[in-house]
Amino acid sequence: MSLVFLIFLPILAACLVPLLFKKIGRIHTGWFVLIVPLVLFVYYATLLPITMDGGTRVSEFQWIPSLGLSFVAYLDGLSLLFSLLITGIGSLVVLYSVFYLDKNREQLHNFYVYLLMFMTAMLGIVQSDHMISLYLFWELTSISSFLLIGYWYTRDRSRFGALKSMMITVFGGLMMLGGFVLLSIMGNTYSIRELVSQAPELVNHEFFTWALVLILLGAFTKSAQFPFYIWLPDAMEAPTPVSAYLHSATMVKAGLYLVARFTPIFAASGTWIWLVTGVGLFTMFWGSFFALKQKDLKAILAFSTVSQLGLIMSLLGASALGFHVEDAAGTVFKYAAFAAIFHLVNHAVFKGSLFMVAGIVDHETGTRDIRKLGGLMSIMPISFTLAMIGSFSMAGIPLFGGFLSKEMFLTAMLAIAEFNLFSMDVWGVLFPVLAWIGSVFTFVYSFYFVFHTFAGKHKPEELPKHAHEAPIGMLVSPAILAALVIIIFFIPNLVGDWIVKPAVLAIQPFMYSSPDEVDIHVSAWHGANTEFFMTLGIFAVGALLFWSFRKWKRAYEVFPDTVSLNRLYDTFTYLSDGGANRFSAVYMTGFIRSYLVYMFGFLVLIVLSTLVLTEAFVLDLTNSAPVGIYGIVIIAALVGGTTTILFAKSRLTSIIALGAVGYSVALFFVMFRAPDLALTQLVIETISVALFLLAFYHLPKVSKKEERMGFKLGNAAIALGVGVTMTLVALASHSQKVLPSISEYYKETVYSEAGGGNIVNVILVDYRGFDTLFEITVLGIAGIAIITMIKLRLSKKEEQHENK
Amino acid sequence: MKTNDVMLQTATKVVTFIILMFAIHIFFAGHYTPGGGFVGGLLTASAIVLLMLAYDIETVKKIIPFNYVMMTAIGLLLALGTASASIFFNVPFFTHAYDYFDLPLWGETSLHSAALFDLGVYLVVVGVTMTIIQTIGEDE
């Protein structure tokens, strides 16, 4: 119970946030929120020794046992690493946000509720063993990210970005759900652990490739891989703490987690390796190339995130090759898995700090436009140092953590090129080439980011605010991360032993039995080999390109803005919006009678045709009760009432006649001994007649035109059709005696199971309580809808705008 | 309706209480005999509607100063809370519990968690019905 409960701790804590914000306004709500990730981080850190020994922790909580649904928290090296990232970076981000978001001007309660909701969702993703609960948390990240990106919802760009990210990630999520379902059909289980253990048998299943592609779509959309990356730059409309947290350190890594988690299942397939490595590498190249085109600090970082995620993705793809090599210990592909996880940690650390610095620059100068910035080095020395540490790590320069994983990345890509399975030896040559070009551009944009912001000429006249160094509190979080960047460089093997190796064990479980067997020793100096010279080349070419950037940056203008994936997305949404509008304008007439025609028309069409086509109609009148005098009287009243409505000349008459119809039906219920229904019907009739009378004054008079509407053949046909259909259905269902009546079951169990005597009520509150719960929810929504319709009418001006 | 309708008003004073008592009876009797939260809620609402017909909305608002939207929300939360309370006993969502207790005055009585759920239904029904009637009735 405890581990599962911890997943839900943040979202439970979120319930208190609005209270704290309203009642204790003097203290920034962030201080309270900070406790949650901090406590979780410390707790997860104490679990490290377990995974270091290759151990795991499982705890289960039953959700809907009859459907086999449950929350299973499964902690192994991989999930623990991610949980530590989520809570660790989460704590720093919350701390940073305390200083970033003004408690008097911002809607903090919304912000922290969404953030905590997101934390639960992420923890749920990385710890779920049950695929359905994983999917649930997966979509919860999409939703909370939507809310966070649209946090400043009055801005058009925020809403646009939020919608875009949600459209794309939810699309991927749905595809992934399909993949999960296929996997569960193949393996007859929803548990990922069990699927991993059956991996060898799954490969030959006919659904295998389908499941593979669908799950990858989920992972690629979430991790912003080409061509789905387009949502990530627009997601930068979110407040900077959100960008640092969701769009670099955690959420976008959910896709990487998914790939890592499913590697043992899919690694046997060449398609997997080609897709993951290829898409990852191309994304890395593409992202790094276009990062230089950006003018906005956060946009540069967004593209760099896309690129870095691609890098890790390609390494995960390469790690799958390890499953195809006999002598696992002797190959280089275990490096790939190690490098992937190692770089993931490095990236979370340096990118987190870089985003925070970008936020500081924005906060203290009022702009993020790199063309207006410059020369901030002397004004913001601490920020400059932090930015430099982060950027150098990103560029892969020695003395910073990123260097180590970058070297391992090059090693792995070189190894792929020499691999002779899946025709890698022919096309594989592209891998190191793309990797190298991508790395060169990574080097250039890292320098571009830090030096075009902090070096050069200071242009105070262009800045909206007078620039100065950020307050200490805002600098603490990025400083801690920057310190980690350097620490990781000097003690890489400690980090490796503690968190990376246990995670590698989870990715390549067939190759090792405990983390100690992952015999990788990270060293800064690894000899004058090919990757060393590649690195030298990256530095040389990168420096040259950066130095001459002003001369060749025109090259980016060659790419027309009109031909881009973004434009494709915009056109698509624009056209589908317009198309849907035009389509609905045709049938949404605004008259309730049109809608009734549709509803009844389809009812007749579907029910009647089913009855006829399946020859389901049976007539058996042997058990019918005789029609007594009361029955005849009530029927006469019913027919009389209905006819009166049809020919009524005033509203009052029709209201009363309608009431008469309702009461007659209630009398029928009484006659056939259904007191519950009769009671409900009577009260409902009373209230609705009263309601009609209340609304009576506001209704227009029955107009002359309507009076002379006369006889309409179509309407009459539908009316007749509905009458005939319902009669036939009633007769047929009465004569149907194939199945025993369901009421017998309730009669027998209602007392023993639910301790009640009234079947109707027990069904409502117990047997089918879910239905009732949703019904009252719908009722509540209807109430709110009526308030909005009547109380919150549009003003005249808005109305005109709406009608345009 | 500003007319001074003495007959209706006098009758309403008595009838309203009878309806309310009946509503409460129906609500509690629901588990064994016809009734329950839904009908009980409707009956209560009809009692208030009767008051509104006899007097006017503003007066009734003063007598019964409830925020019906809030009432709906509380009802929904109560229903959802009852359903999810099962989580704390590690049983499936929506599992009800009941037992028999010997209470003073009542004697042996069965207490059922479904009654709490039903109370939620009751509140939602009263809340929504009154919200609708009040909004439409107040609108000019």
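Here the structure is a predicted model, which is why all the values come from computation and not from measurement.

1. Digging into the overall build of chain A
In step 1: Counting its regular elements, chain A contains 36 helices and 2 strands.
In step 2: Its C-alpha atoms put chain A at 105 × 65 × 50 Å along the principal axes.
In step 3: Expressed as a percentage of its 804 residues, the buried residues of chain A come to 52%.
In step 4: When contacts within chain A are restricted to residue pairs at least 6 apart in sequence, those whose partners lie at least 24 apart make up 79%.
In step 5: Of the charged side chains in chain A, 50 are positive and 49 negative; the average position of the first set lies 15 Å away from that of the second.

2. Remarks on helix H14 (residues 253–266) of chain A
All names here are of chain A.
In step 1: With 14 residues, H14 should reach 20 Å at 1.5 Å per residue; the first-to-last C-alpha distance of 19 Å fits that figure.
In step 2: The sharpest bend along H14 measures roughly 25 degrees and falls at Ala260, with the proline Pro264 sitting one to four residues further on.
In step 3: With 14 of its 14 residues buried, H14 lies for the most part within the structure.

3. Focus on the nonpolar core
In step 1: Among the nonpolar cores identified, the biggest contains 213 residues, and Tyr44(A), Leu183(A), Phe262(A), Phe266(A) and Trp272(A) are the most heavily contacted of them.
In step 2: Counting residues per element, this core draws most heavily on helix H17 (residues 333–365) of chain A, which supplies 20 residues.
In step 3: Leave out the neighbours within four places in its chain, and Leu183(A) touches Met131(A), Asn188(A), Leu195(A), Leu202(A), Ala211(A), Ile215(A), Phe262(A), Ile265(A) and Phe266(A).
In step 4: Ala690(A), Ile790(A), Val128(B) and Met130(B) belong to the second largest nonpolar core, which has 48 residues in total.

4. Observations regarding unusual backbone geometry
All names here are of chain A.
In step 1: Cis geometry marks the peptide bond from Phe226 to Pro227; its omega dihedral reads 0 degrees.
In step 2: Positive phi outside glycine occurs at Leu399, with the angle close to 85 degrees.
In step 3: Within the secondary structure, Leu399 sits in the loop between helix H18 (381–395) and helix H19 (401–417).
In step 4: Look at Leu399 and you get partly exposed, because its relative accessible area is 47%.
In step 5: Phi at Arg673 is positive, roughly 55 degrees, even though this residue is not glycine.

5. So, the packing of aromatic side chains
Residues and elements named next belong to chain A.
In step 1: The final tally for this structure, using the stated rule, is 54 aromatic pairs over all chains.
In step 2: Ring plane angle 45 degrees and centroid distance 5.9 Å describe the contact between Phe71 and Phe137, whose orientation is recorded as tilted. You can see Phe71 sitting in strand E2 (residues 69–75) and its partner Phe137 sitting in helix H7 (residues 131–149), a full 66 residues away along the chain.
In step 3: A residue is classified by how much of its surface remains accessible, and Phe71, at 9% relative accessible area, is buried.
In step 4: For the ring pair Phe160 and Tyr569, a centre distance of 6.4 Å and an interplane angle of 75 degrees mean the geometry is edge-to-face. Taken as a pair, Phe160 in helix H8 (residues 156–187) and Tyr569 in helix H26 (residues 565–587) lie far apart in primary sequence, 409 residues in all.
In step 5: Look at Phe160 and you get partly exposed, because its relative accessible area is 29%.
In step 6: An aromatic cluster of three or more residues is present, and its members are Phe226, Tyr229, Phe282, Phe285, Trp286, Phe289, Phe290, Phe303 and Phe441.
In step 7: Positioned over the ring face of Trp152 is Arg155, at 4.4 Å from the centre of the ring.

6. Details of the interface of chain A and chain B
In step 1: Each side of the interface is counted separately: chain A has 43 residues, and chain B has 48 residues.
In step 2: In total, chain A and chain B occlude about 4000 Å² of area from one another, counting both sides; carbon and sulfur atoms represent 75% of this.
In step 3: Where chain A meets chain B, there are 0 salt bridges.
In step 4: In this structure, the connection of chain A to chain B is made through 0 residue pairs in polar contact (both at pLDDT 80 or more).
In step 5: Breaking the side of chain A that touches chain B down by element, the ones donating at least two residues are strand E1 (57–64), helix H30 (675–695), helix H33 (743–754), helix H34 (759–767) and helix H35 (769–791) of chain A.
In step 6: Take the side of chain A that touches chain B: its biggest share by element is 13 residues, from H35(A).
In step 7: Tallied by class, residues from the side of chain A that touches chain B come to 24 nonpolar, 14 polar and 5 charged.

7. A look at a nonpolar patch on the surface
In step 1: Judged by side-chain polarity, Leu399(A), Ile472(A), Val476(A), Ile480(A), Leu484(A), Ile487(A), Phe490(A), Ile491(A), Leu494(A) and Trp498(A) come together as a nonpolar surface patch covering roughly 900 Å² of accessible area.
In step 2: Top contributing element to the nonpolar patch by residue count: helix H22 (residues 472–490) of chain A, with 6 residues.

8. Some words on the packing of H18(A) against helix H21 (residues 430–454) of chain A
Residues and elements named next belong to chain A.
In step 1: Interhelical geometry of H18 versus H21 gives an angle of 170 degrees and a closest axis separation of 8 Å. On the basis of the axis angle, H18 is roughly antiparallel to H21. Mapping the contact onto sequence places Ser383, Phe384, Ala387, Met388, Ser391, Phe392, Met394 and Ala395 in H18 and Thr442, Phe443, Tyr445, Ser446, Phe447, Phe449, Val450, Phe451 and Phe454 in H21.
In step 2: Partitioning the contact of H18 with H21 into residue classes produces 13 nonpolar, 4 polar and no charged.

9. Some words on the UniProt feature "transmembrane region" (unreviewed entry) in chain B
Residues and elements named next belong to chain B.
In step 1: On the UniProt side, "transmembrane region" (unreviewed entry) is annotated at positions that read residues 12–32, 38–57, 69–91 and 111–133 here.
In step 2: Taken end to end, residues 12–32 comprises 86% helix and 0% strand; its first and last C-alpha atoms sit 30 Å apart.
In step 3: End-to-end, the C-alpha atoms of residues 111–133 are 34 Å apart, and along that stretch the chain is 91% helix and 9% strand.

10. Some thoughts on helix H3 (residues 29–46) of chain A
Residue and element names in this part refer to chain A.
In step 1: For H3, which comprises 18 residues, the first-to-last C-alpha distance of 27 Å matches the rise-based estimate of 26 Å (1.5 Å per residue) to within 8%.
In step 2: Residues of H3 that are buried: Thr29, Gly30, Val33, Leu34, Val36, Pro37, Leu40 and Tyr44. Seen along its axis, H3 keeps its buried residues to an arc of 155 degrees; they face one direction.
In step 3: The secondary structure elements touched by the buried residues of H3 are helix H1 (2–14), helix H2 (17–23), helix H4 (48–52), E2, helix H5 (77–100) and helix H6 (108–127).

11. As for the pairing of E1(A)
Residues and elements named next belong to chain A.
In step 1: Strand direction decides the pairing type here: E1 and E2, joined by 7 bridges, are antiparallel. Across the sheet, residue Glu60 finds its bridge partner in E2, namely Val72.
In step 2: Where E1 folds back onto E2 in an antiparallel hairpin, the turn is made up of 4 residues, including Gly68, whose phi is positive at roughly 70 degrees.

12. Section: the side chain of Asn758(A)
In step 1: Position of Asn758(A) relative to the elements: it lies in the loop between H33 and H34.
In step 2: Residue classification places Asn758(A) among the buried positions, given a relative accessible area of 7%.
In step 3: Once you skip the residues sitting within four places of it in the chain, Asn758(A) turns out to touch Asp676(A), Gly30(B), His31(B), Tyr32(B), Thr33(B), Pro34(B) and Gly35(B).

13. Let's talk about the side chain of Asp362(A)
In step 1: With respect to the secondary-structure elements, Asp362(A) resides in helix H17.
In step 2: The contact partners of Asp362(A), leaving out residues within four places of it in the chain, are Tyr100(A), Thr367(A) and Arg368(A).

14. Topic: the pattern of salt bridges
All names here are of chain A.
In step 1: Scanning the model with the defined rule gives 12 salt bridges over all chains in all.
In step 2: Asp234 is paired through a salt bridge with Arg157; the nearest N and O atoms lie 2.7 Å apart. Of this pair, Asp234 sits in helix H12 (residues 231–234) while Arg157 sits in helix H8, and the two are 77 residues apart along the sequence.
In step 3: A residue is classified by how much of its surface remains accessible, and Asp234, at 9% relative accessible area, is buried.

Calculation rules
Residues numbered from 1 in each chain as written. Chains lettered and ligands numbered in written order. Predicted model: local features only at pLDDT ≥ 70, side-chain atom pairs only at ≥ 80, totals over all residues. Heavy atoms only, no water. Helix = DSSP H or I, 4+ residues; strand = E, 2+ residues; numbered from the N terminus. Buried < 20%, exposed > 50% of the residue type's maximum accessible area, 1.4 Å probe, protein only. Contact = heavy atoms within 4.5 Å. Lys, Arg positive; Asp, Glu negative; His and termini not counted. Charge placed at Lys NZ, Arg CZ, Asp CG, Glu CD. Expected span 1.5 Å × (residues − 1). Bend = angle between axes of the 7 residues up to and from the residue. Core = buried A, V, L, I, M, F, W, Y, C linked by side-chain atoms within 4.5 Å. Phe/Tyr/Trp six-rings, centres within 6.5 Å; stacked < 30°, edge-to-face > 60°. Lys NZ or Arg CZ within 6 Å of the ring centre and 35° of its normal. Buried area = accessible area lost by both parts, 1.4 Å probe. Salt bridge = Lys/Arg side-chain N within 4 Å of Asp/Glu carboxyl O. Polar contact = N/O pair within 3.5 Å; in protein donor to acceptor, adjacent residues only side chain to side chain. Nonpolar A, V, L, I, M, F, W, Y, C, P; charged D, E, K, R; others polar. Patch = residues over 30% accessible without salt bridge, like charges linked within 9 Å, V, L, I, M, F, W, Y side chains within 5 Å. Areas by Shrake-Rupley, 256 points an atom, 1.4 Å probe, with all protein chains shown as cover. Axes fitted to C-alpha atoms, helices over the stretch in contact; angles between N-to-C directions. Parallel < 35°, antiparallel > 145°, perpendicular 65-115°, else oblique. UniProt positions renumbered as here; feature names shortened; annotations may be inferred. Arc of directions from axis to C-beta. Pairing = 2+ DSSP bridges.

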